[in-house]
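# Commentary on secondary and tertiary structure
Spelled out, the chains give:
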Amino acid sequence: MPRMWQASGGEGLIAYQSETDSDTATFIRAMPKAELHVHLEGAIKPSTLLQLAHRHNIDLPVRDEEGLRRFYRFRDFDHFIEVWKVINQCLRGGEDFELITQELGAEAARQNTLYLEVTFTPYTHVHRKGVPWDEIIGGISAGVGHARSEWDVEMRLIPDIARECYSDGLMEGAEKTAEWAVAGKDMGVVALGLGGRERGNPPTAFAEVFDYVRQRGLRSVPHQGETTGSEGMWEAINVLKAERIGHGIRCIDDPELVSFLVERQLPLEVCPTSNVCTGAVPSLEAHPIRRLYDQGVYVTLNSDDPPMFNTTLTDEYMLLAARFGFSRDELAVLSLNAMRAAFLPDDQKTQMEQQFQDEISRLL
């Protein structure tokens, strides 16, 4: 019997590397990958968080790396928010953002992930700690440069709005994030995101800020359809003009929406382990990724906040092979899906896509 995945602590996925047949596991590790849905703050490793805490003399709930690893393990959504707050309080200046971006690039290279679109939430750092936007984007941009020169990993950036700006009466945060996103176009910003709690914070509340950035050449990539139904996804599509949707798994409850997504080939950024950990789906067996793929929905595979859910992008591919029966050809389709959905200039995307196709053909 395969070991059952347990949501508690985000543990269990490592088992899928041993459950995946050796040829497929070798293929997954070597396959070139792209990831479109990973949060910079949620990708910080416990060892790096300890380094940042020491740098700024910040007291952590635990004293060593092993304690941090236990603290990181997902227990429930409230605990997730607690960890998120601890992480964010340790980011105090541009050099911190440079470090975590550079380390994200190094980890991507280790997994043969050649392209990333990285989401981060600038207003949190500006509003709560007074870190200037110029320092944030400058540090991240420097880290992107290191990743490109040292490991040939390419990154683009997606500042996102914490949708609680609406429910907390802080819509100035949404407006400032939109302005910063536009100002950052020359430093790798390609889109505006929308994250946070869906319930009580509808996409329609952010129509004006998304209109603002789209009119200035940025793309629309809201999170939606993770914890609430298809109505919000329709709003994200019709009002925010979403070009990709973060998560989007609740479309499975609306056949009309599924048909629309198939017809338009509107990409979904699906994060299976995250969805189980946060309770967006009750179990791995209930996750709709196999059904969505089989119905022709444009699916991409992502890790969301990897160390917080004890996963990696490689682990997510292993998971699909071991528990959802994805073949190597199907896994290759998912990898190419992500590359093709990237917000890169056409010439650069064509070049990277050809690189992916050549390498995947050789591996297969």
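Residues numbered from 1 in each chain as written. Predicted model: local features only at pLDDT ≥ 70, side-chain atom pairs only at ≥ 80, totals over all residues. Heavy atoms only, no water.

In terms of regular secondary structure, the chain is built from 18 helices and eight strands. Principal-axis analysis of the C-alpha atoms places the extent of the chain at approximately 50 × 45 × 40 Å. Here the chain holds 364 residues, and 59% of them are scored as buried. Sequence-distant contacts, at least 24 apart, represent 74% of the contacts inside the chain between residues at least 6 apart. For the chain, the accessible surface area stands at approximately 14700 Å², while carbon and sulfur atoms represent 45% of it. One way to put it: in the chain the 36 positive side-chain charges average out to a point 2 Å from where the 56 negative ones average out. (Helix = DSSP H or I, 4+ residues; strand = E, 2+ residues; numbered from the N terminus. Buried < 20%, exposed > 50% of the residue type's maximum accessible area, 1.4 Å probe, protein only. Contact = heavy atoms within 4.5 Å. Areas by Shrake-Rupley, 256 points an atom, 1.4 Å probe, with all protein chains shown as cover. Lys, Arg positive; Asp, Glu negative; His and termini not counted. Charge placed at Lys NZ, Arg CZ, Asp CG, Glu CD.)

The backbone of Asp152 shows a phi angle near 60 degrees, a positive value even though the residue is not glycine. Inspection of the secondary structure assignment puts Asp152 in the loop between helix 8 (133-151) and strand 3 (154-162). Look at Asp152 and you get exposed, because its relative accessible area is 58%. You will see that Asn310, though not glycine, has its phi angle at about 55 degrees, which is positive.

The next subject is helix 5 (residues 77-89). Think of an α-helix as 3.6 residues a turn; residues three or four steps apart then line up on the same face. Compared with the 18 Å implied by 1.5 Å per residue over 13 residues, the 19 Å span of helix 5 between its first and last C-alpha is a close match. Taken together, the buried positions of helix 5 are His79, Phe80, Val83, Trp84, Val86, Ile87 and Asn88. On the buried face of helix 5, the contacting elements are strand 1 (33-39), helix 3 (46-55), helix 4 (65-72) and helix 7 (122-129). (Expected span 1.5 Å × (residues − 1).)

Once that is clear, we can look at the packing of aromatic side chains. In total, this model carries ten aromatic pairs according to the counting rule given. Members of the aromatic cluster, each reached through a chain of ring pairs, are Phe74, Phe80, Trp84 and Phe309. The residue whose ring lies beneath Arg244 is Phe343, and the NZ or CZ to ring-centre distance is 4.3 Å. Over the aromatic face of Phe326 sits the side chain of Arg290, whose NZ or CZ is 4.1 Å from the ring centroid. (Phe/Tyr/Trp six-rings, centres within 6.5 Å; stacked < 30°, edge-to-face > 60°. Lys NZ or Arg CZ within 6 Å of the ring centre and 35° of its normal.)

Let us look at the pattern of salt bridges. Enumeration according to the criterion identifies 19 salt bridges in this entry. Across the pair Asp211 and Arg214 runs a salt bridge whose closest N-O atoms are separated by 2.4 Å. Of this pair, Asp211 and Arg214 are both found in helix 11 (residues 207-214), three residues apart, which corresponds to roughly one turn of the helix. By relative accessible area, Asp211 is classed as partly exposed at 28%. Look at Arg214 and you get partly exposed, because its relative accessible area is 28%. (Salt bridge = Lys/Arg side-chain N within 4 Å of Asp/Glu carboxyl O.)

Our focus in this paragraph is the pairing of strand 1. With seven of its seven residues buried, strand 1 lies for the most part within the structure. When strand 1 meets strand 2 (residues 113-120), the two strands line up parallel, connected through five bridges. Pairing of Glu35 across the sheet is with Leu116, part of strand 2. (Pairing = 2+ DSSP bridges.)

This part covers the packing of helix 6 (residues 94-110) against helix 8. To characterise two packed helices, one gives the angle between the axes of the helices and the distance between these axes. At a minimum axis distance of 7 Å, the contact between helix 6 and helix 8 shows a crossing angle of 30 degrees. When the axis of helix 6 is compared with that of helix 8, the two are roughly parallel. Pair helix 6 / helix 8 crosses with right-handed handedness. Only Glu135, Ile136, Gly139, Ile140, Ala142, Gly143, Val144, His146, Ala147, Glu150 and Trp151 of helix 8 make contact with helix 6, whose side of the interface consists of Gly94, Phe97, Glu98, Thr101, Gln102, Gly105, Ala106 and Ala109. Here the contact of helix 6 with helix 8 is composed, by residue class, of nine nonpolar, seven polar and three charged. (Axes fitted to C-alpha atoms, helices over the stretch in contact; angles between N-to-C directions. Parallel < 35°, antiparallel > 145°, perpendicular 65-115°, else oblique. Left-handed = near helix turned anticlockwise from the far one by under 90°. Nonpolar A, V, L, I, M, F, W, Y, C, P; charged D, E, K, R; others polar.)

Time to look at the confidence of the model for the chain. Here the chain shows a mean pLDDT of 93. Residues at 70 or above account for 95%. In the model, residues 1-13 has pLDDT below 50 throughout and makes 38 contacts with residues more than four positions away in sequence or in other chains. (pLDDT = per-residue confidence, 0-100.)

On to the packing of helix 10 (residues 171-183) against helix 11, then. Packing of helix 10 against helix 11 brings their axes to within 10 Å, and their N-to-C directions diverge by 10 degrees. In terms of orientation, helix 10 and helix 11 fall into the roughly parallel class. For the pair formed by helix 10 and helix 11, the contact residues are Ala174, Glu175, Ala178, Glu179 and Val182 on the first element and Val209, Tyr212 and Val213 on the second.

By the criterion of burial, strand 3 is predominantly enclosed, with eight of the nine residues buried. When strand 2 meets strand 3, the two strands line up parallel, connected through six bridges. Its bridge partner lying in strand 3, Val118 is registered against Leu157. Note: strand 3 against strand 4 (residues 191-195), three bridges, orientation parallel.

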